[in-house]
Amino acid sequence: MTQHFLTLLDLDKAQIHTLIERAIQLKKMQKAGEPHELFKNRVMGMIFDKSSTRTRVSFETGMAHFGGQAIFLSPRDTQLGRGEPIEDSARVLSRMVDIVIIRTFEHEKLERFAEYSQVPVINALTDLYHPCQLLADVQTYFEARGDIKGKTVSWIGDGNNMCHSYINAAIQFDFSLNIATPKGFEPDKEIMARAGDKINLTNDPKAACENADIITTDVWASMGQEGEQDERANAFADFQVDSKLMKLAHNDALFMHCLPAHRGEEVSADVIDGPQSVVWDQAENRLHAQKALTELLLNQK
Ligand code: CP
Ligand code: NVA
């Protein structure tokens with residue numbers, strides 16, 4: 001069976017912890033100028049149905065560091081965009097490339113691709129999950145503060161793809177997750193149920209931030225929801241992460257955001273640009289964490 005990475009739960013706890021350690025090591029190797037061309041002539045196919053800066057550049061750069069290649073495939077100029085079945089595309093592409101990453105809308109489309117692919121498939125974001133971001137976020141916490149086990153993370157805002165991946169991360173890395181959303185924007189019930197008492201759900205952002213070790217948020221309207229921007233801005237008006245919310249957390253709490261951010265909406269400028277913010281480390285760690293992930297999947301027997 002080919003090992004894919006469609007959600008954080010596709011790896012076992014030992015694998016995912018080793019992956020974080022390896023990401024930290026690969027980062028040191030790169031900074032020290034140690035070559036690590038471990039995958040010469042290997043090729044990554046990159047299917048993007050949605051925009052991306054960080055995900056695209058980090059995966060492409062990672063393959064370059066490994067001595068391999070990456071091919072960016074947009075629906076505008078492939079047959080995927082003209083209705084070639086996903087199953088056929090998966091069968092064809094996976095006979096040529098060694099690994100595929102996909103950013104798309106429906107999570108089910110990613111699952112279907114993986115089912116017909118002979119090579120590992122990575123979720124580069126769907127409407128339901130964004131697991132690669134969580135690898136970088138957890139790496140960032142480990143580097144800044146040590147083990148995240150037993151810590152408290154506050155998710156403020158939309159119960160979206162990032163929130164769902166935080167729920168899975170709470171299971172895999174054993175931390176508590178306080179989720180504060182406006183009424184009607186809660187995360188998926190089944191995804192939450194799997195995490196049991198690791199999750200505390202509320203509609204009160206202040207309650208969620210008390211004694212937190214990380215406060216994190218995301219845009220109010222995700223890709224594909226642009227038409228709901230105004231309605232969402234009203235619903236989320238009381239959910240901005242500002243210095244008052246940050247003060248409720250522990251003194252050494254970190255602020256995280258997957259980016260891109262909207263200053264003055266989900267986060268105030270003084271918080272995202274302030275001393276507790278680690279957003280640039282998070283963004284950089286996309287590169288290192290995904291190199292560790294690519295290595296793990298390419299090395300599977
Ligand atoms: N955080 C993140 O996935 O960024 P991009 O949309 O730029 O890839
Ligand atoms: N929730 C956001 C994350 C972007 C990285 C979106 O899906 O647009």
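Keep in mind that what you see is a predicted model, and the values were worked out from it rather than measured. (Residues numbered from 1 in each chain as written. Chains lettered and ligands numbered in written order. Predicted model: local features only at pLDDT ≥ 70, side-chain atom pairs only at ≥ 80, totals over all residues. Heavy atoms only, no water.)

> Where do I start with the side chain of T7 in this structure?
Checked against the element boundaries, T7 lands in the segment before α1 (13-31). There is a polar contact of 3.0 Å between the side chain of T7 and the backbone nitrogen of L9. The residues contacting T7, other than those within four sequence positions of it, are H107, Y129, P131 and N168. (Helix = DSSP H or I, 4+ residues; strand = E, 2+ residues; numbered from the N terminus. Polar contact = N/O pair within 3.5 Å; in protein donor to acceptor, adjacent residues only side chain to side chain. Contact = heavy atoms within 4.5 Å.)

> Would you take a moment to explain the pattern of salt bridges for this structure?
Oppositely charged side chains can pair when the atoms bearing their charge come close. Scanning the model with the defined rule gives 15 salt bridges in all. Measuring nitrogen to oxygen at the nearest pair gives 3.8 Å for the salt bridge that ties D252 to R145. Of this pair, D252 sits in the loop between α10 (243-248) and β9 (254-257) while R145 sits in helix α5 (residues 131-145); the two residues are 107 residues apart in sequence, bridging distant segments of the chain. A relative accessible area of 40% means that D252 is categorised as partly exposed. A relative accessible area of 38% means that R145 is categorised as partly exposed. A network of salt bridges, in which partner residues are shared, links E87, E108 and R112. (Salt bridge = Lys/Arg side-chain N within 4 Å of Asp/Glu carboxyl O. Buried < 20%, exposed > 50% of the residue type's maximum accessible area, 1.4 Å probe, protein only.)

> Teacher, can you tell me more about helix α3 (residues 86-93) here?
Within an α-helix, residues lying three or four positions from one another point in the same direction, as the helix has 3.6 residues per turn. Within the span of α3, buried status applies to I86, E87, S89, A90 and L93. Taken end-on, α3 shows its buried residues confined to a sector of 165 degrees, consistent with a single buried face. In this fold, the buried residues of α3 make contact with β1 (43-48), β2 (69-73) and α4 (107-116). (Arc of directions from axis to C-beta.)

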